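The primary structure of each chain is shown beneath.
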Amino acid sequence: MEQIGTPEELYERPASLFAAGFLGSPPMTFFPVTLLPQALTPAQQDLPESAVVGVRPENLDLGADAPDRLSAQVVNSEFLGAETLVYLDCAGRSIVARAPGRVDFASQQAVGLGWRAEDMHLFDEATGQRLDTSGPRSEGSDNRQDKHKQAGRMASL
């Protein structure tokens, strides 16, 4: 078993790379910290060389390519009514961003990716485990397993 908690806790605060990538569609995107511009680098000190940042598709902010953003290129976009999925190539990685409503991007258009610090998840790719002690968290969530056992809605992964 990877993690025990409510569905919200599993989604908002995954304990491992596996849990983070397994939950959600499209899945969370992972970026090696070494690939990121300074403005998107985690504030934590002494990170292992294998540190990766995870960001959910709905938390990726698409804007103009700029030095404080991660450069990407639009491959395609898919308008779904309430949202648009934007398929991107970022340093040879295929990723998907979710934008509310309709957004229009041309194929091969250069864009810049950004995100808020509180939407970033930090993992060690070598161990697969979560590194940060802060980040997205459900109000009132607690990591104690005894509390989870008492919860009416449970999920395990």
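Residues numbered from 1 in each chain as written. Predicted model: local features only at pLDDT ≥ 70, side-chain atom pairs only at ≥ 80, totals over all residues. Heavy atoms only, no water.

Participant: Hey, could you run me through the pairing of strand β6 (residues 83–90) in this one?
Facilitator: Regular strands show a simple pattern: their side chains alternate between the two faces of the sheet. Direction of pairing for strand β5 (residues 70–79) relative to β6: antiparallel, over a ladder of 6 bridges. Its bridge partner being in β6, S77 is matched across the sheet by V86. Here β5 folds back onto β6 in antiparallel fashion, the turn holding 3 residues, of which G81 has a positive phi close to 100°. Where β6 meets strand β7 (residues 93–100), 8 bridges bridge the pair, whose relative direction is antiparallel. Pairing of L88 across the sheet is with I95, part of β7. (Pairing = 2+ DSSP bridges. Helix = DSSP H or I, 4+ residues; strand = E, 2+ residues; numbered from the N terminus.)

Participant: Help me understand the sheet that holds strand β2 (residues 29–32) in this model?
Facilitator: Two strands in a sheet stick together by hydrogen bonds in their backbones, pointing the same way (parallel) or opposite ways (antiparallel). Strand order in the open sheet made by the 3 strands is β2-β3-β9, with antiparallel pairing throughout. In this open sheet, the two edge strands, each paired with only one partner strand, are β2 and β9 (120–124). Adjacent strand axes in the sheet meet at a mean angle of 30°, parallel and antiparallel pairs treated alike. Of the strand pairs in this sheet, β2 and strand β3 (residues 51–55) are connected by 4 bridges, and their pairing is antiparallel. In the sheet register, F31 faces β3, and the bridge partner there is V53. (Axes fitted to C-alpha atoms, helices over the stretch in contact; angles between N-to-C directions.)

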